[in-house]
Amino acid sequence: MTDPIHIVGAGMAGSEAAWQIARAGVPVVLHEMRPAVGTFAHRTGDCAEMVCSNSFRSDDDVMNAVGQLHWEMRAAGGLIMAMADRHKLPAGGALAVDRDAFSASVTAALRAEPLVTIQPGEITDLPREGRWIIATGPLTSPALGAAIQAETGADALAFFDAIAPIVHADTIDMGVAWRQSRYDKGETEDERTAYVNCPMTRDDYEAFIDALLAADKTEFHEGETAGYFDGCLPIEVMAERGRDTLRHGPMKPVGLTNAHKPAEKPYAVVQLRRDNALGTLYNIVGFQTKMKYGAQTEVFRMIPGLQNASFARLGGIHRNTFLNSPTLIDDRLRLRARPNLRFAGQVTGVEGYVESAAMGLLAGRMAAAEALGRDLGPPPQTTAMGALVHHITGGAEAKTFQPMNVNFGLFPPVEGRGGRRGRKDRYPAYTDRAKADFAAWLAG
């Protein structure tokens, strides 16, 4: 029998990689340090635990690059997408899931697979023998992080990822708030009412911004720098960039009508999205924060509708380490200096649950093919997965490399479909081409 492939880390990327390897008929050992060695953000030892949002973002595979990535993962028999679909919650056009049920089902599926062995314990060094995939995510343990840094000879890059708070639904004042998805988006009534909206007048908003800017914040340790990923900025950092930044960002009032005061347009709106199947928990959308806990409670209760809110989880902040992949990783996701090691997930410099799982999917398929005596190259750059791989392994400028979500800007242009006015035609052209090219890659 083929020697097993080893994976370090049972997050989104590691779990998906293990599934793909086993589906190819190759044994795999999945090493996970949790729960024996914990992190501040994780609560369990389950695979694919969601520690930030419970959303996989847009599920539109015609007009959105994230939705196209969903399509590709489903087409490739991805475990993460299968379990997300099984435990989806109403969220307008987004794919949100019951986080606990989702991770439990991923864990159960892997434990039931005969070719997968889940082995508890921390891996603290980079093995020199065998085939390994390092999928330790943004919270790579200090020991393994030091080993990676020593091996690559490059400084580990870091930014700070902030976690949004979660509110108990029965403490939201629905006499002030109302249920509506932006622009009433969704095919069912549940989807069209998937979000709870809290309206703000101009005076409410100005007082909120003042309190946000004055609140006590988490201090950084000596030697740490606050280099944030723009897709996950703490709200106070956004507020520091200008008083109207939040009102044009996560607190924008467009596409919403206050059910209690239809004739009165809110100056700003705070949205909450359902976080579990029971509908008992809601997370505050886009409200990642580095405020201290006491300050969070005071500031967030200034939001109309949340004046009596009880929090199931307050926000937090953590260091997120990733490789300078354009200088270190080849297009088979192998460490150039040590080809027996592949990297997958957020540690490669992709950002987001789906992007991380997609890199796990590719790393798993590539490692399995290699173990079976074949060479599997990445999908074409015209696909969502191929565009991401190209970006992190050479398409990005190494000197300014930053974590990246999938987006149409990473895709090669479609001839004759340029300009902002052509989006309605251009985006379907991107996704039609991507579907055809990804299907051909799978078949080949």
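Located above this text is the structure these notes cover.
Parameters and conventions
- Residues numbered from 1 in each chain as written.
- Predicted model: local features only at pLDDT ≥ 70, side-chain atom pairs only at ≥ 80, totals over all residues.
- Heavy atoms only, no water.
- Pairing = 2+ DSSP bridges.
- Helix = DSSP H or I, 4+ residues; strand = E, 2+ residues; numbered from the N terminus.
- Contact = heavy atoms within 4.5 Å.
- Axes fitted to C-alpha atoms, helices over the stretch in contact; angles between N-to-C directions.
- Buried < 20%, exposed > 50% of the residue type's maximum accessible area, 1.4 Å probe, protein only.

Participant: Tell me about the sheet that holds strand 11 (residues 195–200), and name the residues and values.
Facilitator: Here six strands make up an open sheet; going across it, the order is 10-11-12-13-9-14 and the pairing antiparallel. Edge positions in the sheet fall to strand 10 (178–179) and strand 14 (311–313), since each of these pairs with one other strand and no more. Strand direction decides the pairing type here: strand 11 and strand 12 (residues 268–274), joined by six bridges, are antiparallel. Its bridge partner lying in strand 12, C198 is registered against V270.

Participant: Explain the sheet that holds strand 4 (residues 88–89) to me, and be specific about the residues and the numbers.
Facilitator: In space, the three strands of this open sheet follow the order 3-5-4, with antiparallel pairing throughout. Every interior strand has two partners, whereas the edge strands, strand 3 (55–58) and strand 4, have only one. Direction of pairing for strand 3 relative to strand 5 (residues 94–97): antiparallel, over a ladder of two bridges. Bridge pairing in strand 5 places S58 opposite A94. Packing against the sheet, helix 3 (residues 79–86) makes contact with strand 3, strand 4 and strand 5, and its axis sits at approximately 80° to strand 5.

Participant: Give a description of unusual backbone geometry that names residues and reports values.
Facilitator: One non-glycine residue, A48, lies in positive phi territory at about 55°. Mapped onto the elements, A48 comes out in the loop between strand 2 (28–32) and strand 3. Although it is not a glycine, L333 sits at a positive phi angle of roughly 65°. Structurally, L333 is set in the loop between helix 10 (325–328) and strand 16 (334–335).

Participant: Which residues make up the pairing of strand 11, and what are the values?
Facilitator: Side-chain direction in a regular strand flips from residue to residue, so the side chains alternate between the two faces of the sheet. Of all six residues making up strand 11, six are buried, and the element is well covered by its neighbours. Covered by surrounding structure in strand 11 are Y195, N197 and P199 together with V196, C198 and M200, the residues of both alternating faces. Note: strand 10 against strand 11, two bridges, orientation antiparallel. Bridging from a neighbouring strand, W178 pairs with N197 of strand 11.

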